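Summary of the model geometry
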Amino acid sequence: MAKLSIEQALLKAKWYAKKGDTGEAQKLYQAVVKAFPKNKRGKRGLASLGKIKKNNDQKPPQETINQLITLFNQGKFSETVDQAQAYTKKYPNAFNVWNILGVGNNVLGKVDEAIKAYERALSINPNFADAHHNIGNALFDQGKLDQAIEAYKKALDL
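The text that follows walks through the structure, step by step, so that each part is easy to find. These figures come from a predicted structure and were not determined experimentally.

Rules used in this analysis
Residues numbered from 1 in each chain as written. Predicted model: local features only at pLDDT ≥ 70, side-chain atom pairs only at ≥ 80, totals over all residues. Heavy atoms only, no water. Helix = DSSP H or I, 4+ residues; strand = E, 2+ residues; numbered from the N terminus. Expected span 1.5 Å × (residues − 1). Buried < 20%, exposed > 50% of the residue type's maximum accessible area, 1.4 Å probe, protein only. Contact = heavy atoms within 4.5 Å. 1 Å grid on protein atoms, 1.4 Å probe; cavity = no way out; pocket = protein on both sides within 12 Å on 5 of 7 lines; lining within 4 Å. Points joined across faces, edges and corners; volume = space filled by probe spheres on them. Nonpolar A, V, L, I, M, F, W, Y, C, P; charged D, E, K, R; others polar. Core = buried A, V, L, I, M, F, W, Y, C linked by side-chain atoms within 4.5 Å.

Overview of helix H6 (residues 95-107)
- In a regular helix each residue adds 1.5 Å, so 13 residues correspond to 18 Å; H6 covers 19 Å between its end C-alpha atoms and thus fits that length.
- Counting buried positions over the 13 residues of H6 gives 10, a clear majority of the element.
- Buried within H6 we find Phe95, Val97, Trp98, Asn99, Ile100, Leu101, Gly102, Gly104, Asn105 and Asn106.
- Against the buried residues of H6 lie helix H4 (62-73), helix H5 (77-90), helix H7 (111-124) and helix H8 (129-141).
- Positive backbone phi, approximately 85°, marks Gly109, located one or two places after H6.

So this is what it looks like as structure tokens:
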């Protein structure tokens, strides 16, 4: 933190949190709050990390995520959705699996199901920019342009 300005530390902490590295994000937020106990953004960041950590107690192995991405990249969308649905039962708080489920459903034209999956991802990790972007795409496909713009704005803010 000594080398970073407060603004840089907060931005970096937010970036770590978005990427799922809550440990690094927590260190930075704690350093900001320790140096400036009344800093509202630092306190809010720590509080949001607490919610993310609580929800991410059980994470799927990276191999699981890689497998889903590989299936998707091979164009096996139905298989991607089937596997992701199975993993959401095993890892109900894995926001990235819910996001992949949404992407698969969206490609298959199941836009409503895709939106539900993205919303579930965001209920677990509201700072997950990819899900905000993806829900924007799904809303755009439905012609809900104002809602899509709001989702894109959230993604950009994150």
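Quick look at the environment of Phe77
- When you line up the elements, Phe77 lands in helix H5.
- The partly exposed category is assigned to Phe77, whose relative accessible area is 25%.
- Phe77 sits 28 residues away from Asn105 along the chain, and the two C-alpha atoms are 7.8 Å apart.
- Not counting chain neighbours up to four residues away, the residues in contact with Phe77 comprise Phe72, Val107 and Leu108.

Some words on the layout of surface pockets
- What the second largest pocket holds in volume is close to 260 Å³.
- Along its surface, the second largest pocket is lined by Leu10, Leu11, Lys14, Ala17, Tyr29, Arg41, Arg44, Gly45, Ser48 and Asn127.
- Elements with a contribution of two residues or more to the lining of the second largest pocket: helix H1 (6-19) and helix H3 (40-55).
- Looking at the lining of the second largest pocket residue by residue, the classes come out as four nonpolar, three polar and three charged.

Some remarks on the nonpolar core
- Counting residues in each nonpolar core, the largest one holds 18 residues, and the members touching the most others are Leu68, Val97, Trp98 and Leu101.
- Listed by contribution, the elements that provide at least two residues to this core are H4, H5, H6 and H7.
- No other element matches H6, which puts five residues into this core.
- Once residues within four sequence positions are removed from consideration, Leu101 is found in contact with Val81, Ala84, Gln85, Thr88 and Ala117.
- In this structure, Leu10, Ala13, Tyr29 and Val32 belong to the second largest nonpolar core, which totals 10 residues.

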